[in-house]
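What follows is the residue order along each chain.
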Amino acid sequence: MDGDPAVESGLDGFSRVFPLPYRVGFIVTLAVWGWGLNLQYLHLLKVDVPTLIRYPGRSSPHHLPHHFSTYRLATVLSGLFAVSIVLFWLCTWGIAQRVVDYDWIPMTYLVAILAIFFVPLSSLPSAGRRRFLTTLKRVSVGGIAEAQDGKFGDILLADVLTSYAKVCGDVFVTLCMFFTSGGSSTKRPDRNCGGTVIVPLLMAVPSMIRFRQCIIEYLRVRRAPYKESAGWGGQHLANAFKYSTAFPVLITSTLQRNTENAAAKASLNRAWLVAVLVNSLYSFWWDVVKDWDMTMFSSRKERTSPHHPWGLRDRLIFRPVTIYYAVIGLDLFLRCTWSMKLSPHLDKFSDFESGIFLIEFLEVFRRWVWIFFRVETEWIRNSSTGLGIDDILLGDYQGKLDDDDDN
């Protein structure tokens, strides 16, 4: 049974069938499939994603589209996952002790995933992996390219990493348990492995990356010779503040989990509730208003303009129009999955290993949907204004947006 870890210390049923290393690999594989679907569907809608992220186009119409290369990589990863997990099941048959003893199988699988991304193989597309690793290296320290060098791609990747924060924490937990004396990566996950600070700190890294990128962007605007026409950079500071709201959530959650005093825990729970509410609602507002350019929270005149459906914008690529309202509602719902903890019937769900995995999966799914509309918005901005690709703030919008920040 998938028991409450506060009560049951043994290996739960979910972890016997689907240990933590495989959950990490599964989500990584899903991410590659998801990116392929993003590329393919947007390609069908004539949205040139490679141009937006400054990725070299195909030199010949006879070359396969970019999404085919992504699917090929995803197929290899899927095959590797299937072979490894079936072998693991055949060796363990769900018996707890055997699951613990055979942890070398999923760990070998994780090493193989790393090899696929880092070791050049002639049978797999290499240009895409090199570009990904180069971008990841720059982004990992909070760096961001200039607009002409692929700034939008850097921002897109860094935003995606924020949705994989819990997965990053799981990677560390997996390695920590494996290398701990007498430990095993397939035991019940110990998210305090290595200390109570390291995992929350690792989960904060993606938000730190985006925070630093926003500050860099702000400083660029302040130094720019066209500063008067581009605004003073207030939108970048507002965006940096959005990512900083993730830190109080992590701090209060960590303190609450490691506090035994009932009164202190109750106070921390109230602080956590305020922090997570601010983070979720502000992030949702930013998704709708800034990332997707919707008018749902604008003035009544803009919201009810005869030139576009209520609360949306003039140009819409996806059809039917109702899909935009559905996605906005879905985004709000998935940003508030934490609210399950307020339910007397679901409050323990996020403590179960299956519940933790489901929440991670839903956040990855939310980000996958978000990419479609974020890329659509960037494409419309650039095709409407004729400005340089990757100008995330859109020159002629910037003055208006920064004026809004002043109010």
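Residues numbered from 1 in each chain as written. Predicted model: local features only at pLDDT ≥ 70, side-chain atom pairs only at ≥ 80, totals over all residues. Heavy atoms only, no water.

1. Observations concerning the side chain of Lys 290
Here Lys 290 shows up in helix α14 (residues 262–291). A distance of 3.5 Å separates a polar atom in the side chain of Lys 290 from a polar atom in the side chain of Gln 235. (Helix = DSSP H or I, 4+ residues; strand = E, 2+ residues; numbered from the N terminus. Polar contact = N/O pair within 3.5 Å; in protein donor to acceptor, adjacent residues only side chain to side chain.)

2. Some remarks on unusual backbone geometry
With the exception of glycine, most residues fall at negative phi, and the peptide bonds are largely trans. For the bond from Arg 319 to Pro 320, the omega torsion is 0 degrees, close enough to zero to count as cis. Mapped onto the elements, Pro 320 comes out in the loop between α15 (300–303) and α16 (322–335). One non-glycine residue, Lys 46, lies in the positive phi region at around 70 degrees. Structurally, the position occupied by Lys 46 is in the loop between α2 (20–44) and α3 (49–52). Residue classification places Lys 46 among the exposed positions, given a relative accessible area of 68%. (Buried < 20%, exposed > 50% of the residue type's maximum accessible area, 1.4 Å probe, protein only.)

3. Digging into the state of the cysteines
Taken as a whole and assessed by the stated rule, the structure comprises 1 disulfide. Shown here is the disulfide that connects Cys 176 with Cys 193, its sulfur atoms set 2.0 Å apart. Between Cys 176 and Cys 193, the disulfide has an S-S torsion of -80 degrees and is therefore left-handed. Linking Cys 176 in helix α9 (residues 165–179) with Cys 193 in the loop between α9 and α10 (198–223), this pair joins segments that are 17 residues apart in sequence. (Disulfide = S-S within 2.5 Å.)

4. Focus: a nonpolar patch on the surface
The grouping of Val 17, Val 86, Trp 89, Leu 90, Trp 93 and Ile 95 at the surface amounts to a nonpolar patch, some 630 Å² of accessible area in total. With respect to the helices and strands, the residue Leu 90 is situated in helix α4 (residues 66–92). (Patch = residues over 30% accessible without salt bridge, like charges linked within 9 Å, V, L, I, M, F, W, Y side chains within 5 Å. Areas by Shrake-Rupley, 256 points an atom, 1.4 Å probe, with all protein chains shown as cover. Salt bridge = Lys/Arg side-chain N within 4 Å of Asp/Glu carboxyl O.)

5. Remarks on the pattern of salt bridges
Working definition: two side chains of opposite charge can pair if their charged atoms are close together. Scanning all chains against the criterion turns up 19 salt bridges. Of the charged contacts in the structure, one is a salt bridge between Asp 12 and Arg 188, with a shortest N-O distance of 3.7 Å. Linking Asp 12 in the segment before α1 (13–17) with Arg 188 in the loop between α9 and α10, this pair joins segments that are 176 residues apart in sequence. Judged by its relative accessible area of 13%, Arg 188 is buried. Where Asp 291 meets Arg 374, a salt bridge forms, and the shortest distance between an N and an O atom there is 3.8 Å. Here the residue Asp 291 occupies a position in helix α14, and Arg 374 occupies one in helix α17 (residues 353–385), the gap between them amounting to 83 residues. As far as the burial class goes, Asp 291 and Arg 374 line up, both buried.

6. Description of α4
Look at α4: 39 Å from first C-alpha to last across 27 residues, which is about the 39 Å you get at 1.5 Å a residue. In the segment just after α4, Trp 93 is the residue with positive phi, at about 50 degrees. (Expected span 1.5 Å × (residues − 1).)

7. Digging into the packing of aromatic side chains
Each pair of aromatic rings is reported with the distance of its centres and the angle of its planes. In this structure the tally under the stated criterion is 30 aromatic pairs. Taken together, a centroid distance of 6.2 Å and an interplanar angle of 55 degrees make the contact between Phe 318 and Tyr 324 tilted. Both residues of the pair, Phe 318 and Tyr 324, belong to the buried class. Through pairs of rings, three or more aromatic residues link up here, namely Phe 14, Phe 18, Tyr 22, Phe 26, Phe 81, Phe 88, Tyr 109 and Phe 357. Here the guanidinium or amino end of Arg 367 rests over the ring plane of Trp 370, the centre of that ring lying 4.5 Å away. (Phe/Tyr/Trp six-rings, centres within 6.5 Å; stacked < 30°, edge-to-face > 60°. Lys NZ or Arg CZ within 6 Å of the ring centre and 35° of its normal.)

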